[in-house]
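Here is how the chains run, residue by residue.
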Amino acid sequence: MEFSELIKTATVENALLWRPGLPAVRGTLCITSHHLLLSSRPRGDLELWLLIRNVDAVEKRVCGSSGTITLRCKDLRVLQLEIPGMEQCLNIASSIEALSSVDSVMMMYPFFYRPPSLRLEQGWHRFPLERFFQRLSSQTSQWRLSTVNRDFSACPSYPPAVIVPAAVGDDTVAKAARFRQGGRFPVLSYFHPKNGTALLRSSQPLTGRNRRRCREDEQLLGTILDQGEQGFIIDTRSAQAAKQARMSGGGTEPKSSYPQWRRLHRALEREERTVLVHGAEGTDATLLVTALAQLILDPSCRSLEGFQGLLEREWIEAGHPFQLRCARSASWHGRGKQEAPLFVLFLDCVWQLSRQFPLSLEFGERLLLTLFDNAYASAYGTFLCNNERERSLCKVKESTHSLWAWLNQPEEKHKYLNPLYSHNPLVIWPSVEPQSIQLWQGLFLRWIRPSQHLDEAREEIQRLVQGKNSSSSKESRGRRQSPAAAAGTEGGR
Amino acid sequence: MEHIRTTKVEQVKLLDRFSTSNKSLTGTLYLTATHLLFIDSSQRETWILHHHIAAVEKLPLTTSGCPLVIQCKNFRIVHFVVPRERDCHDIYNSLLQLSRTAKYEELYAFSYNPKQNESEQVKGWQLIDLAEEYKRMGVPNDYWQLSDANRDYKICETYPRELYVPRTASKPIIVGSSKFRSKGRFPVLSYYHKNKEAAICRCSQPLSGFSARCLEDEHMLQAISKANPSNRYMYVMDTRPKLNAMANRAAGKGYENEDNYSNIRFQFVGIENIHVMRSSLQKLLEVSGTRGLSVNDFLSGLENSGWLRHIKAVLDAAVFLAKVLIEKDWISFGHKFSDRCCQLDGDPKEISPVFTQFLESVWNLTEQFPQAFEYNEAFLLQIHEHVHSCQFGNFLGNCQKEREELKLKEKTYSLWPFLLAEQKKYQNPLYNPDFSPELTLLEPNTVSFNFKFWRNMYHQFDRSMHPRQSTFNLIMSTSEQNKQLEEDIKELEAKIKQRNGRSDVVFEKEQEQTAHPSPVALKSPLCFQKEQPLMPVNDAVRTIEGSNTADNRYSELVSEFSKAEPAVVSLEYGVARMTC
């Protein structure tokens, strides 16, 4: 397939662009393989530079000799284009539709995007699991790094390296994998050093109607707990849904075969227990819960760097199917069965945390918005494909740039920092009362609310904090240069 | 004191309303002449002013004792469990009596003594001077003058003595117009915009019925129109929904007939009446008072109450009228604080949350314009607190005449000096006095999604729902440190300059002046004497691992919103006695 086959009309003169809250602009509309551009006439300023992948739904309305195209974008923006000539209008609309529906990964923009300031390999191996394991092994020896999945044979949606109980061998793990949906056997997600409890995740066991058992799976979960210790299995589904899953081959861990584990389908009060989380596939709600728990418990996940590491480990490498879930968004009227805003839910939860603990996260709202945008349409390869296996087949890490490389450049990085951040070593327990949950206006009203005054206030905060930092260094410089004054201090004290 | 039968009850439980595991604190409950006080086992105190109590309810006896639920006008709800039913009954009866005051003289403001001397008391009342306010607006001037028509409250009881009216409005016109207006509230100046020579006037509805007219009133409006020479039309804004205004005609009231008044344009802005507002707030409080609320229940309850719709209507109307100052607009012109806020036991139909709505509208503005207001949310909350506390004289009574008769200025204290003394707490660190200089008028966006539930008002005592860290404190301390550091830098720079310049000069002078060492070098600079600036607020944050979501271990926030309590209360032999 060639892009040129999809582009029926490449340029249109005298198109009119409407954006919410901005004056209309007249100019030349241009469609390239990946972008929609509009440059205003006569000055030639580029007014719009839209990734076509960002377009979620195209609505066209023809009346008389011209037509209007409404583009509903995945970043929730709504754009209107008024195009002279009925045929041109229909051509443009169908070109955008076709280009935005290309689903071959290797045809996507990240494979073509080559920014001069970055190297291709940069940022791809920024958060190796080995480093995470290194920290873990300084705290406990109960876990080991396993390469049982190095060729993706045990579990196609897991990364090559995973952390499993030290007491079980790779053979056992591989056999346990066959008893779990999609091969997602229980792996370590987080270890809480203060009380030695662990957070594990997996998919549902394939017990089915006949209540099948698997010794290796029982053994794997059995070795995690000490004699007499009890752990919890948190099933993210309702009890009813879990029961029904047996009919289609799935199910839950029966008490008789897993005597040390107690199954729950609801939230619980604080208990110092090891927990296994799973739903059905273990790639959606499971990851949502395990990633959020870590943000609440572990201060190192709350830094800019640590948060990227958390996303890489618990969402991208853990096999959340970004490609399937983010192919389309809320405006699309097609029959999508795989699309779901799980990652948006996660970002919103993180934002809620940032409202309740405004000083405890090193990153600000802008990072969350950037992640949202890039998960749906991006110039970078970070959120491409559904798992590490697909990424390796498509050579994503060799042929595209990493989002992390771009946003960790010094001139970019500062935009994502929270000026009020200061390290908080404690657990951040959020309030979950309905009165504490707010609408994320920055996301949902981003394009329709005037934000000038809020932005100015944010800049003022930034200015105050920077002013303090520069003043205090200036002050101490001044003190050094003024030994007489320093002598005065001693005299005065 | 005759209402108090039990002054102290031990082993009382204070339930945590939002804890999922029915957590509670055990402590001792004291009843004083003015407050209900609970001291828990870790000596934390919860003070409840009797005047703040809106409702007391005794729930059916349980195995652990007799539950007593107290709802306050500042939206605090406390749930006690008293071990013995008889004690509970005594306290219940006492609170019923104590929270219903029949006479003004029994209000807390008349017994509250903050240890100010007389001149301080007088000064406190003089802090806000209406004549000064009008002067600031540029009144009196060529068009507007002070009228003494209401000097003895003869024309309108609920207006203040001093009123500003158009120069061309003679006394007969004023008198005639007032007779044609409900309760005599004829049109008077409320706000004057100096640069645009535009005025906002205020009055009550005309007694027009279906056909009555009044020449003096028509002249009065004509005079106002002439006093606004730069405007061709005069807008008459009726705050009611049009239907209400029409219905009022049957009762001999109504609205101005456009045919009888020249150059006026009429507009209804659709703010509902006090009865609708009262029931709307009641519905809102039912929602926020419910335990274990689901998100759906909360949001549908919020919608059903219609509260945010009313706030939007008020703000929509206020967009025309811009900044409104509390003292001028609500107190001198006879907002019926006493009736609307139920300070005395009176007609429940007269209670209405219009002032709360005003504060909430202001809060909505501060959310949209974070840099436009010098004060912060805590200031609005504190004012709300004292409108109901009856601790200060400012908000007592229904109009200036009644306030004078009560001799409030001699017998009670003004709130403003107390707020002024704590002004740091109420300042907005982001305030920018030059905010939008081209805009003397804020233009709030009253699109529906801009209206949010004011959690910090309606759940101000439910700490577990609040953000666990305060941006405000941090910004405040940062901005203070900035100021201090800048001063220090200036001082140091001056010293360096002086020292560099002096090194040669002083050298020459030294032989003559050895007995007088340079004062500059030896004087210990101020900046080093002061304590090191406080460390970031974060250190004060105690998120103890193992703390429950419902726990509030964030001490900084507790102090931030803590309310002013009586200066000294001593507890002797179990009897609480006010010593201040």
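Residues numbered from 1 in each chain as written. Chains lettered and ligands numbered in written order. Predicted model: local features only at pLDDT ≥ 70, side-chain atom pairs only at ≥ 80, totals over all residues. Heavy atoms only, no water.

Inclusion rule: UniProt positions are given in the numbering used here, feature names are shortened, and annotations may be inferred rather than shown by experiment.
Per an unreviewed UniProt entry, the recorded name for chain B is Myotubularin phosphatase domain-containing protein, and the organism is Hirundo rustica rustica. As its UniProt record puts it under Sequence similarities (unreviewed entry), chain B is described as follows: "Belongs to the protein-tyrosine phosphatase family. Non-receptor class myotubularin subfamily."

Taking an unreviewed UniProt entry as the reference, chain A is identified by name as Myotubularin phosphatase domain-containing protein belonging to Hirundo rustica rustica. Recorded in UniProt under Sequence similarities (unreviewed entry), the annotation for chain A is "Belongs to the protein-tyrosine phosphatase family. Non-receptor class myotubularin subfamily."

## A closer look at the domain arrangement of chain B
When the parts of a complex come together, some accessible area is lost, and that lost area is often taken as the interface size. Heads up, the rule is: Just so you know, the domain bounds were taken from an automatic or database domain assignment.
In terms of domain boundaries, chain B breaks down into domain 1 (8–100), domain 2 (129–268) and domain 3 (280–464). Computed over C-alpha atoms only, the centres of domain 1 of chain B and domain 2 of chain B are separated by 49 Å.

## Digging into the domain arrangement of chain A
Residues and elements named next belong to chain A. Note the threshold: We call two residues in contact whenever any of their non-hydrogen atoms come within 4.5 Å of each other. Summed over both partners, buried area is the accessible surface (1.4 Å probe) that two parts give up on being assembled.
Each assigned domain of chain A is listed with its residue range as follows: domain 1 (3–102) and domain 2 (129–441). Inter-centroid distance (C-alpha atoms) of domain 1 to domain 2 is 39 Å. Each partner contributes to the interface: domain 1 provides 13 residues, whereas domain 2 provides 15 residues. Here domain 1 packs against domain 2, burying approximately 1000 Å² in sum over the two surfaces, 50% of which is carbon and sulfur. Looking only at domain 1, the three residues that lose the most surface to domain 2 are R53, D56 and K74, adding up to 53% of its buried area.

## Observations regarding the sheet that holds strand β4 (residues 45–49) of chain B
Residue and element names in this part refer to chain B. Just so we agree on the cut-off: Strands qualify as paired when DSSP identifies two bridges or more between them. In DSSP terms, a helix is any run of H or I states spanning at least four residues, a strand is any run of E spanning at least two, and both are numbered starting from the N terminus. Axis angles are defined between N-to-C directions and span 0 to 180 degrees, where every axis is a line fitted to C-alpha atoms and, for a helix, only to the segment in contact.
Strands sit in the order β4-β3-β2-β1-β7-β6-β5 across an open sheet of 7 strands; the sheet is antiparallel. With one partner strand each, in any of the chains shown, β4 and β5 (53–58) form the two edges of the open sheet. Each neighbouring strand pair of the sheet contributes to a mean axis angle of 30 degrees, computed without reference to strand direction. Looking at chain direction, strand β3 (residues 35–40) and β4 are connected through 5 bridges and run antiparallel.

## Quick notes on helix α17 (residues 452–481) of chain A
Each α-helix turn comprises 3.6 residues. Residues three or four places apart therefore point the same way. For the record, the criterion: The span you would expect from a helix comes to 1.5 Å times its residue count less one. For every residue, the accessible area obtained with a 1.4 Å probe (protein chains only) is divided by the maximum for its type, and the residue is called buried under 20%, exposed over 50%, and partly exposed between those limits.
For α17(A), spanning 30 residues, the distance from its first C-alpha to its last is 42 Å, which sits close to the expected 44 Å at 1.5 Å a residue. Among all positions of α17(A), only H453(A), A457(A), E460(A), I461(A), L464(A), V465(A), G467(A), S471(A), E475(A) and G478(A) are buried.

## Quick look at the confidence of the model for chain A
Residues and elements named next belong to chain A. How we decide: Here pLDDT means the predictor's own confidence in every residue, given as a number from 0 to 100.
Looking at chain A, pLDDT values average 91 and 97% of them are 70 or higher. By mean pLDDT, helix α18 (residues 483–492) is the weakest element of chain A at 44, and helix α11 (residues 365–376) is the strongest at 97. Contacts of residues 485–493 to residues separated by more than four positions or lying in other chains number 12 contacts, the stretch itself having pLDDT below 50.

## Some points on the packing of aromatic side chains
Our working rule: Under the pairing criterion, centres of Phe, Tyr and Trp rings, with the six-membered ring standing for Trp, must be within 6.5 Å; the plane angle then separates stacked pairs below 30 degrees from edge-to-face pairs above 60, leaving the rest tilted. When the NZ atom of lysine or the CZ atom of arginine is within 6 Å of a ring's centre and also within 35 degrees of its normal, the charge is said to sit over that ring.
The final tally for this structure, using the stated rule, is 37 aromatic pairs over all chains. Judged by centre distance (6.1 Å) and plane angle (50 degrees), the ring pair of F355(B) and F395(B) falls under tilted. Of this pair, F355(B) sits in helix α13 (residues 354–368) while F395(B) sits in the loop between α14 (377–389) and α15 (400–405), and the two are 40 residues apart along the sequence. Residue F355(B) shares its accessibility class with F395(B), and that shared class is buried. What links up through ring pairs into an aromatic cluster is the set F127(A), F307(A), W315(A), F322(A), F343(A), F346(A), F363(A), F383(A) and W404(A). Across the ring face of F132(A), the terminal group of R313(A) is positioned such that the distance to the ring centre comes to 3.8 Å. Taking NZ or CZ as reference, R76(B) lies 3.9 Å from the ring centre of F461(B), over its face.

## Observations regarding the state of the cysteines
Residue and element names in this part refer to chain A. What counts is decided by this rule: Defined by distance alone, a disulfide is two cysteine sulfur atoms within 2.5 Å.
Tallying each qualifying case throughout the model produces 0 disulfides over all chains. As a non-bridged cysteine, C326 has C385 as the owner of its nearest cysteine sulfur, 13 Å distant. You can call C326 buried: its relative accessible area is 3%.

## Quick notes on the nonpolar core
Under the convention used in this document: Buried residues of nine kinds, namely Ala, Val, Leu, Ile, Met, Phe, Trp, Tyr and Cys, make up a nonpolar core once their side-chain atoms join them within 4.5 Å.
Core analysis: the largest hydrophobic core is formed by 58 residues, its most contacted members being F307(A), F343(A), F346(A), V350(A) and L371(A). The set of elements that each furnish at least two residues to this core consists of β12 (231–235), β14 (275–278), α7 (285–297), α8 (304–316), α10 (342–356), α11 and α14 (403–407) of chain A. Broken down by element, this core gets its largest block of residues, 8 residues, from α10(A). Excluding residues within four positions of it along the chain, F343(A) makes contact with L311(A), W315(A), H320(A), F322(A), L371(A), A375(A) and F383(A). Y108(B), L284(B), L315(B) and Y426(B) belong to the second-largest nonpolar core, a separate cluster that totals 42 residues.

## Some words on the confidence of the model for chain B
Residues and elements named next belong to chain B. Chain-level pLDDT for chain B is 75 on average; 78% of the residues reach the 70-or-more range. This stretch, residues 504–580, has a pLDDT under 50; its non-local contacts, to residues over four places away or in other chains, come to 136 contacts. This prediction of the complex comes with two scores: 0.81 for pTM and 0.82 for ipTM.

## Section: a nonpolar patch on the surface
Here is the rule we go by: Here a patch means residues that are over 30% exposed by relative accessible area and free of salt bridges, tied together within 9 Å if like-charged and within 5 Å if nonpolar (Val, Leu, Ile, Met, Phe, Trp, Tyr). With residues, only the protein chains shown are counted as cover, and all accessible areas are computed by Shrake-Rupley using a 1.4 Å probe. When a carboxyl oxygen of Asp or Glu is within 4 Å of a side-chain nitrogen of Lys or Arg, the pair counts as a salt bridge.
Judged by side-chain polarity, V62(A), M86(A) and L90(A) come together as a nonpolar surface patch covering roughly 220 Å² of accessible area. Relative to the helices and strands, M86(A) is located in helix α2 (residues 86–100).

## Thoughts on the environment of K8(B)
Residue and element names in this part refer to chain B. Short version of the rule: Whenever two N or O atoms come within 3.5 Å, that pair is a polar contact, provided that in protein one can donate a hydrogen and the other can accept it, and provided that, for residues adjacent in sequence, both atoms are side-chain atoms.
Position of K8 among the secondary structure elements: in strand β1 (residues 8–15). The exposure class assigned to K8 is partly exposed, which follows from its relative accessible area of 32%. With 21 residues separating them in the primary sequence, K8 and L29 have C-alpha atoms 5.6 Å apart. There is a polar contact of 3.1 Å between the side chain of K8 and the side chain of E10.

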